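Secondary and tertiary structure notes
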Amino acid sequence: MAYLDNIRTFVRVYELENMSAAARDLRISAAVASSRISQLEDHLDVRLFQRTTRQLNPTEQGNTFYKGAIKILEAVDEAEADISDITRSPRGTLYVAAPLGVGQKFIAPAVPKFHEAYPLINIRLRLSDRKLDLAAEGLDAAFFLGVPEDSNLRIRKVTDCPRVLCASPDYIKRHGQPTSSDELKTDMHVCLNLRYPGAPEFQWPLQAPDGVKRVTVSGPFESDHGEILTGWALAGHGIVLKPQFEVSDHLAAGRLVTVLDKEPPLPIQMACLYMHRRRQDPKARLFIDFMVDHILASMPD
């Protein structure tokens, strides 16, 4: 197992290009990670990385070994998955990600229930509205809203989620109810945008009477955190585009009201991404199946 641990550590260091980041990801100290790399280099009698005070770059031998190391770890994972199938006792750790709204509303509340059903499976949940790289971040599955760009991943669709444009009653009192989506592009209204580094120009897809309109919107402030946008909307700072499930309680209580009901936003896809492998890990399959059923049962009408 020590040799496999060394290989796993090498793979994470290679993918994250940082010893400390890999150590944190593996929940070991940086000293242990460095020692494992040194042991592996001694065993192979090669240098896998060129180290400086600021950079960690793989050598030619490191690049070659990484390709083989990935195959080794996938073979071990598949063998362990086969055993789990036979014993019907899936075990191990799953690293899962989800957007904040999806994670808080659906995934996080169901994790303890999943663990009760499968006590040998540990869940490491990460919530973020930013774009994620499954391979680089060591994720087994990632729920998301929208359309993914990476075609090398497998997709399990969950459902199409209705969305709403909404604002606080105080905002409507001060700025008026917009009568057309064209008003969103003027100084008459403030649009609150979810934007993360590298995101494309933000557009709101609306279903107008004459077809779909993609309205380019902007505002004086934006965030990569969906709950921040909800908070700004509740405080009367602008109009926000939200999946209905994220704001259903606020709408029911009157803290937010819908706008532009004659030009509603198009629904957004909720789905789950997972790595493309010859055989899906049984514990990942169990988790995804469990969460899809839970989400569909919990989705507000």
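Residues numbered from 1 in each chain as written. Predicted model: local features only at pLDDT ≥ 70, side-chain atom pairs only at ≥ 80, totals over all residues. Heavy atoms only, no water.

**Comments concerning the packing of helix α1 (residues 2-16) against helix α2 (residues 19-26)**
Closest axis-to-axis distance for the α1/α2 pair is 8 Å, and the angle between their directions is 125°. One element, α1, and the other, α2, form an angle in the oblique class. The handedness of the crossing between α1 and α2 is right-handed. Residue-level inspection shows Arg8, Thr9, Arg12, Val13 and Leu16 of α1 in contact with α2, the latter providing Met19, Ala21, Ala22, Asp25 and Leu26. Grouping the amino acids of the contact of α1 with α2 by side-chain chemistry returns 6 nonpolar, 1 polar and 3 charged. (Axes fitted to C-alpha atoms, helices over the stretch in contact; angles between N-to-C directions. Helix = DSSP H or I, 4+ residues; strand = E, 2+ residues; numbered from the N terminus. Parallel < 35°, antiparallel > 145°, perpendicular 65-115°, else oblique. Left-handed = near helix turned anticlockwise from the far one by under 90°. Contact = heavy atoms within 4.5 Å. Nonpolar A, V, L, I, M, F, W, Y, C, P; charged D, E, K, R; others polar.)

**What to know about the sheet that holds strand β8 (residues 191-194)**
Strand order across the open sheet formed by 5 strands is β11-β8-β12-β7-β13, with mixed pairing between neighbours. Because the sheet does not close on itself, it has two edges, and the strands there are β11 (222-223) and β13 (257-258). As judged from the 2 bridges shared by β8 and strand β12 (residues 239-243), these two strands associate in the parallel manner. Its bridge partner being in β12, Leu192 is matched across the sheet by Val240. Packing against the sheet, helix α7 (residues 226-234) makes contact with β8, β11 and β12, and its axis sits at approximately 170° to β8. Packed on one face of the sheet, helix α8 (residues 244-253) meets β7 (163-167), β12 and β13 and runs near 120° to β12. (Pairing = 2+ DSSP bridges.)

**Focus: the sheet that holds strand β4 (residues 121-127)**
Sheet architecture is open: 5 strands sit in the order β4-β3-β5-β14-β6, paired in mixed fashion. Sheet topology places β4 and β6 (153-161) at the edges, where each strand pairs with a single neighbour. Ignoring strand direction, the axes of neighbouring strands in this sheet form an average angle of 20°. Here 7 bridges tie strand β3 (residues 92-98) to β4, and the two strands are oriented parallel to one another. Residue pairing for β4: Gly92 is matched across the bridge by Ile121. Across the sheet, helix α5 (residues 100-117) touches β3, β4, β5 (141-145) and β14 (268-275), and the angle it forms with β4 is around 170°.

**Let's talk about the side chain of Glu263**
Relative to the elements of secondary structure, Glu263 occurs in the loop between β13 and β14. Judged by its relative accessible area of 8%, Glu263 is buried. Excluding residues that lie within four positions of it along the chain, Glu263 makes contacts with Ser180, Ser181, Leu206, Gln207, Ala208, Pro209 and Lys213. (Buried < 20%, exposed > 50% of the residue type's maximum accessible area, 1.4 Å probe, protein only.)

**Quick notes on α1**
With 15 residues, α1 extends 21 Å between its outermost C-alpha atoms, agreeing within 8% with the 21 Å of an ideal straight helix rising 1.5 Å per residue. Of all the positions in α1, only Leu4, Asn6, Ile7, Thr9, Phe10, Val11, Arg12, Val13 and Tyr14 are classed as buried. In the stretch just after α1, Glu17 is the one whose phi turns positive, near 60°. (Expected span 1.5 Å × (residues − 1).)

**Examining the packing of aromatic side chains**
What the rule picks out here adds up to 9 aromatic pairs. One aromatic cluster is present, built from ring pairs that chain together Phe10, Tyr14, Phe49, Phe65 and Tyr66. (Phe/Tyr/Trp six-rings, centres within 6.5 Å; stacked < 30°, edge-to-face > 60°.)

**Things to note about the nonpolar core**
Ranked by size, the top nonpolar core spans 27 residues in total, and within it Val102, Ile107, Ile123, Phe143, Met270, Phe287 and Ile295 carry the most contacts. Of all the secondary structure elements, the ones that give two or more residues to this core are β3, α5, β4, β5, β6, β14 and α9 (282-298). If sequence neighbours within four positions are ignored, Ile295 has contacts with Phe106, Ile107, Phe143, Val158 and Met270. (Core = buried A, V, L, I, M, F, W, Y, C linked by side-chain atoms within 4.5 Å.)

**As for the pairing of β7**
Counted residue by residue, β7 has 5 buried out of 5 residues, so it is predominantly covered. On β7, burial covers both faces: Arg163, Leu165 and Ala167 on one face and Val164 and Cys166 on the other are all buried. Sheet topology note: the β7/β12 ladder contains 4 bridges and is antiparallel. Within the sheet, the bridge partner assigned to Cys166 lies in β12 and is Val240.

**Things to note about helix α3 (residues 30-44)**
Over its 15 residues, α3 runs 21 Å from end to end, which matches the ideal 21 Å to within 8%, given 1.5 Å per residue. Of the residues flanking the end of α3, it is Asp45, one or two places downstream, whose phi is positive at about 60°.

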